[in-house]
Amino acid sequence: GQAATIGAAMTSATMLSNLLGKIAFASLTDRTPLGSVLCGAGIPAIALVILLFFAGPASPMWLFILAGFIYGFCNPNAVLILPLCVRKAFGDKDYARIWGSISPVAALAAGIGFSIWGFVYDATGTFDGVWTIGLVILAVLIVCYLFARAFAKKVPQSTVAEDVAASRTAAAGSETAVAEG
């Protein structure tokens, strides 16, 4: 029926736009991480507002396909923008340690969040609460990024070349100590 057709069209739109989103957001993040974060939060915010005010059981098929396209386009944000922004903000020196702390928290939040969406819908019988919570989360993410960006400026950064040179010096020192011992 029509539900299967809409679902298939949404899936196709999501997959195509996911590819386009990865290319667009990677390029944008390289140029301006703040712009990438603002677009990465702003585009879904616009989509959520559209869904909040215009989506319903009698909505036209194109609205759901558009929602799938926007979702797919912005889906790379979690796996692309966050690690790129962490690297841009904190540099290479402590990237593994910092990303190792952020990544599990982000995955846990996403896992819990998907369940919360279902509970909110079950409790209210509508997705309006879900869309509203999504808007609040997007605003919180922007504030968190701005805070992290300000904090990152206070953290001393090194380049990869400096880190490699320091590792070689430490390794050379260890070999000398072993040879002398």
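For the structure, see preceding data.
Residues numbered from 1 in each chain as written. Predicted model: local features only at pLDDT ≥ 70, side-chain atom pairs only at ≥ 80, totals over all residues. Heavy atoms only, no water.

Trainee: Outline the overall build of the protein chain, listing residues and values.
Mentor: Summing up its helical and strand segments, the protein chain has 7 helices and 0 strands in all. Taken over 181 residues, the protein chain has a buried fraction of 27%. The contacts in the protein chain between residues at least 6 apart in sequence include a share of 73% that link residues at least 24 apart. (Helix = DSSP H or I, 4+ residues; strand = E, 2+ residues; numbered from the N terminus. Buried < 20%, exposed > 50% of the residue type's maximum accessible area, 1.4 Å probe, protein only. Contact = heavy atoms within 4.5 Å.)

Trainee: Which residues make up the packing of helix α2 (residues 33-54) against helix α4 (residues 76-90), and what values do they have?
Mentor: In the contact formed by α2 and α4, the axes pass within 10 Å of each other and the chain directions differ by 155 degrees. Classified by the angle their axes make, α2 and α4 are roughly antiparallel. The handedness of the crossing between α2 and α4 is left-handed. On α4, the residues that touch Pro33, Ser36, Val37 and Gly40 of α2 are Asn77, Ile81, Cys85 and Lys88. Considering only residue class, the contact of α2 with α4 consists of 4 nonpolar, 3 polar and 1 charged. (Axes fitted to C-alpha atoms, helices over the stretch in contact; angles between N-to-C directions. Parallel < 35°, antiparallel > 145°, perpendicular 65-115°, else oblique. Left-handed = near helix turned anticlockwise from the far one by under 90°. Nonpolar A, V, L, I, M, F, W, Y, C, P; charged D, E, K, R; others polar.)

Trainee: Explain the packing of aromatic side chains to me, and be specific about the residues and the numbers.
Mentor: Evaluation of the coordinates by the stated rule reveals 3 aromatic pairs. Seen in terms of ring centroids, Phe25 and Phe73 are 5.3 Å apart; in terms of plane orientation they differ by 55 degrees. Their pairing is tilted. Taken together, the residues span a long stretch of sequence, with Phe25 in helix α1 (residues 2-31) and Phe73 in helix α3 (residues 61-74) at a distance of 48 residues. A relative accessible area of 18% means that Phe73 is categorised as buried. (Phe/Tyr/Trp six-rings, centres within 6.5 Å; stacked < 30°, edge-to-face > 60°.)

Trainee: Just give me the short version of α4, but keep the residues and values in it.
Mentor: Here α4 spans 21 Å end to end across 15 residues, near enough to the 21 Å set by a 1.5 Å rise per residue. Buried within α4 are the following residues: Pro76, Asn77, Leu80, Ile81, Pro83, Cys85, Val86, Ala89 and Phe90. Phi turns positive, to about 80 degrees, at Gly91, one or two residues after α4. (Expected span 1.5 Å × (residues − 1).)

Trainee: Could you give an account of the environment of Val120, with specific residues and numbers?
Mentor: As for its position among the elements, Val120 is in helix α5 (residues 95-124). Taking the C-alpha atoms as reference, Val120 lies 9.5 Å from Ile133; in sequence the two are 13 residues apart. Among residues more than four places away in sequence, those in contact with Val120 are Gly125, Thr126, Gly129, Val130 and Ile133.

Trainee: Run through the nonpolar core, naming residues and quoting values.
Mentor: In this structure, Phe25, Val37, Ala47, Ile70, Phe73, Cys74, Leu80, Ile81, Cys85 and Tyr145 together form the largest nonpolar core, which totals 10 residues. Secondary-structure elements contributing two or more residues to this core are α2, α3 and α4. Judged by nonpolar contacts, the second largest core, of 9 residues, contains Leu48, Leu51, Val120 and Val130. (Core = buried A, V, L, I, M, F, W, Y, C linked by side-chain atoms within 4.5 Å.)

Trainee: Please give an account of the environment of Cys74 that cites residues and values.
Mentor: Mapped onto the secondary structure, Cys74 falls in helix α3. Classification of Cys74 by relative accessible area gives buried; the value is 8%. It is 7.4 Å that separates the C-alpha atoms of Cys74 and Ile43, two residues lying 31 residues apart in sequence. Excluding its chain neighbours within four sequence positions, the residues that come into contact with Cys74 are Phe25, Ile43 and Pro44.

Trainee: Quick one: what's the story with the side chain of Ser36, residue by residue and with numbers?
Mentor: Here Ser36 is to be found in helix α2. Not counting residues within four places of it along the chain, the set of residues in contact with Ser36 comprises Phe25, Leu28, Thr29 and Ile81.

Trainee: Describe α5, listing the residues and the values that go with them.
Mentor: Its 30 residues place the ends of α5 42 Å apart at the C-alpha level, agreeing with the 44 Å of an ideal helix rising 1.5 Å per residue. Those residues of α5 not exposed but buried are Tyr95, Ile98, Gly113 and Val120. Where the residues of α5 are buried, they touch α4 and α6 (128-152). At the C-terminal side of α5, Gly125 shows a positive phi close to 75 degrees.

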